[in-house]
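Residue-level structural notes
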Amino acid sequence: MSSHWGPFSRLLEAFHDQETLGHRVAKVLSALPPEVQDDFLEDPRFRISKVGREVPSSHGTVLALPTPDGQCSRCVVLKQRLASCSESFGLYVIAHELAHAYLRNGSWGEYQDPEEAADELARQWGFPRPRRFF
Ligand SMILES: [Zn+2]
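So, here is what we can say about the structure in this document. (Residues numbered from 1 in each chain as written. Predicted model: local features only at pLDDT ≥ 70, side-chain atom pairs only at ≥ 80, totals over all residues.)

**A look at the nonpolar core**
Inclusion rule: Connectivity within a nonpolar core runs through C-beta atoms within 7 Å, and the core itself is a set of buried Ala, Val, Leu, Ile, Met, Phe, Trp, Tyr and Cys residues. To sort residues by exposure, count the other C-beta atoms lying within 10 Å of each residue's C-beta; 20 or more gives buried, 12 or fewer gives exposed, and values between give partly exposed, all with C-beta atoms placed from the backbone. A run of H or I in DSSP counts as a helix once it spans at least four residues, and a run of E counts as a strand once it spans at least two, with each numbered from the N terminus. Throughout, a pair of residues is in contact if the C-beta atoms placed from their backbones lie within 7 Å.
Counting 29 residues, the largest nonpolar core has Val25, Val28, Ile94, Ala95 and Leu98 as the members making the most contacts within it. Among the secondary structure elements, those contributing two or more residues to this core are helix 1 (19-31), strand 3 (74-79), helix 3 (87-102) and helix 4 (114-124). Here the element with the most residues in this core is helix 3; it accounts for nine residues. Setting aside anything within four residues of it in sequence, one finds leucine 98 in contact with Val28 and Val76.

**Details of helix 4**
Residues of helix 4 that are buried: Ala117, Ala118, Asp119, Leu121 and Ala122. Along its buried surface, helix 4 packs onto helix 3. Directly beyond the C-terminal end of helix 4, a positive phi value near 105° is found at glycine 126.

Here you go:
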């Protein structure tokens, strides 16, 4: 088990066999404000996982997965493709999905649209939507 991700090791357990993506997620997590890091670290229902290449979709998605034990009610699921795309796009998508998780898929301040809210919060964290995606 990787332990080189410091305080985020528990959150990054799913990436022990996908280090490139794990490093990208760790890079975003490290850049977050302390209160956001604490929110994720202190919530046992918060998880970050990855899905295989075969799943068709545009990018990662925040899923509220209803599991029998109710343990995974606040999950970020990331596409492996985020390891091979350009770093700026990968970091942006990861930050955008983490922003959704932080906002519980809700609005943020004046940003009522959850997508706009996630983009704006990601931008404030230092990961703006890149002009060119790949
Ligand atoms: Zn979104």
